[in-house]
Every structure is written in structure tokens, then in C-alpha cells.
Amino acid sequence: MSDTTHNIASVLTESLPYIQKFQGKTIVIKYGGNAMVDEKLKSSFARDIVLMKSVGMNPIVVHGGGPQIGKTLEKIGKQSEFVGGMRVTDSETMDVVEMVLGGLVNKEIVNLIHQHGGHSIGLTGKDGSLISAKKLQHNIAPTSEIIDLGHVGEVDKIDTSVIELLLKGDFIPVIAPIGVGEDGFSYNINADLVAGSIAEALNAEKLILLTNTSGLLDGKGELLTGLDAKMVDSLITDGTIHGGMLPKIGCALSAVKSGVKSTHIIDGRVPHAVLLEIFTDNGVGTLITCNE
């Protein structure tokens, strides 16, 4: 027997307990970063999602699309403006966001899933009143000045009815992070926050956040994993977790403290990262649980 054949058999054997454990469980995956722009990674991600569904899991994809929005705005001669890492979104920009996220990006993911034999339906948070949003009030430290970001929102409420209907129909939901407010306006919402809120509302087994890093790193650049909420809080206090990782960690913590069994921050630049994290003993990223 060749080494390759032996390795395949070992991988399948290692994955069996995980397949059995997570059969019928809901897993919410936030899809973004390099995994969304590299053609090979896009295809491998779609294949992974179809495989998860095929072995009895219920994957739900929530996607971003910042680079694609930026490119489209460039084409129409509109410059992107950011405050605190968030895109200032006037009415014209919001129209582009809806076109790109709810149309181009969403439908590309749906098509890729179909190409690999899956059955998927794309929607935005506006469909079925899935995401009720409210305008985000952004404060600039240390002055506490409130900056108007326009149509940038945060999750107010999640109505899971449409997702549950799709799951019962054996579909894979692919969700663009756009909500609607009581004022009737559309709002662009951070995809990590939407994924976390949906995972919490569904009491999901796992929340998986794809990033452009290998996960949460310590001061020496080493990967940290097997963390609980108290350990993460300590890492925030001592400054190990800082900058752009803070919102992602905040989302992960909120999820596990609200009933999601575990959150995973993984490297979307690694082919088949989702499968490696779910089906192998070592995984490929940072695992966070509550343990409180």
C-alpha cells in the first residue's frame, strides 16, 4: 500500500468521530479575506461546505466582500473613505454595497456550491426580516465624538424563521450581511458580527471565522488555541489581543458566552481550512470555548 493511500485511510479514520459527533449540528461560517478572492481557495471552500452538508451537518455561510465593494466603487469613480476600519456609507455607496454583496458576491458563492453538487439559496438579511438593524453610533476616542458613518449598522434582532425553513428543505443558506432598520433604510453590517449573532440565535454548535492570519497569536507569534473565555479576557487585559483582532475576539467571546459550543478563528489562506479544523485532532486555528 502506498504512503498516499495509507495517509488517506488515516485521515478518513480520524475524521469519523467528528462526523458522528456533529451530524445534524448547525455550523455558522463567516467567509471572507483571501479565501474569497483566490480562485483555488474559493473552489475548495465551496467543496468543503458541500462535503459538510453531505455528511449530515447544517452549514450556514455568512460572507463579506469589502475588496469587491472597493473595486466597484473605483470603477464608478467613487473613493472609499474609512473611519476606524469601517467604510463610510452614504446612500450611493449603500446601493453599490447591496449590488455587490447581495448580488455579485452572494450569487458567485451559491453558484460555486452548486458546481460541487450542493443545493444553496442566497439571501440578504432583508429577506424574511432575517436581520433587523439599527444605525451604528461610532465614537472616536478619546473625545467621544460621534461620527456619522451613514448606512453602517449593527444587529438589533435576528429572526431565524427563513434560515430554519431553508435548513428543513436541505438547502445551504448563503447570507449577505445587510439588514433593514425600523426607519426603512438598508444597513451594511460587519460580517463577523452577523455570523456571531446568527450563531447565537440558532444556538449553533460552532462559529467559524475565516481570517487572513493563522489565528490568535501570542507575543512571540505562536498560535494560541484551546482557550476559554477567562483566558481570552486575560489576554485582552495584558495587551496580547489588540488592534484589529479585538472585534473578532469580541464576537467569538459573545458567541460562546451565549450558548454556541465553540468558536474557531482559522486561516482562510489554507486550502480546506474548514475541514481541517472540524475533522482533525490538531485543527488549523484558534479554538475558543466558554467553560464558565
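Each value, and the rule that gives it
Note that residues are indexed from 1 along each chain, following the sequence as it is written. With pLDDT at 70 or above as the cut-off, local features in this predicted model cover only qualifying residues; side-chain atom pairs require 80 or more to be listed or tallied, and sums for whole chains, interfaces and linings still use all residues. The side-chain figures draw on all heavy atoms in the structure; neither hydrogens nor water molecules are used. In this text, helices come from DSSP runs of H or I with a minimum length of four residues, and strands from runs of E with a minimum of two, each type numbered from the N-terminal end. Any residue under 20% of the maximum accessible area for its type is buried, any over 50% is exposed, and the rest in between are partly exposed; the area is computed with a 1.4 Å probe on protein chains only. Pairs of N or O atoms are called polar contacts if they sit within 3.5 Å, as long as, within protein, a hydrogen donor faces a hydrogen acceptor (for residues adjacent in sequence, only side-chain-to-side-chain pairs). In this description, a nonpolar core means a group of buried Ala, Val, Leu, Ile, Met, Phe, Trp, Tyr and Cys residues linked to one another through side-chain atoms lying within 4.5 Å. Our working definition of a disulfide is a cysteine sulfur pair at a distance within 2.5 Å. Paired strands are those between which DSSP finds at least two bridges.

## A look at the environment of D183
Summarising the element assignment, D183 is placed in the loop between β11 (178–181) and β12 (186–189). A residue is classified by how much of its surface remains accessible, and D183, at 44% relative accessible area, is partly exposed. D183 sits 55 residues away from D238 along the chain, and the two C-alpha atoms are 41 Å apart. Among the polar contacts listed, one links the side chain of D183 to the side chain of Y187, at a separation of 2.6 Å.

## Side note on the nonpolar core
The nonpolar side chains of soluble globular proteins are, as a tendency, buried together. Counting residues in hydrophobic clusters, the biggest one holds 42 residues, and the most contacted among them are V28, I163, I198, L207 and I249. Looking at this core, the elements that each hand over two or more residues are β2 (58–63), β6 (131–135), α5 (161–168), β12, α6 (191–201), β13 (206–211), α7 (229–237) and α8 (245–257). Here this core gets seven residues from one element, more than from any other, and that element is α8. Grouped together as the second largest cluster of nonpolar side chains are 37 residues, I49, V96, L210 and V274 included.

## Some points on the state of the cysteines
With the rule as written, the count across this model stands at zero disulfides. For the unlinked cysteine C251, the closest cysteine sulfur is that of C290, found at 14 Å. The buried category is assigned to C290, whose relative accessible area is 18%.

## As for the sheet that holds strand β10 (residues 172–176)
Overall, mixed pairing links the eight strands, which are arranged β5-β10-β2-β1-β13-β17-β18-β16 in an open sheet. If you trace the sheet from one side to the other, it starts and ends with β5 (120–124) and β16 (227–228), each paired once. Where β16 and strand β18 (residues 285–289) come together, two bridges link them in parallel fashion. Opposite D228, over in β18, you have T289 as the bridge partner.

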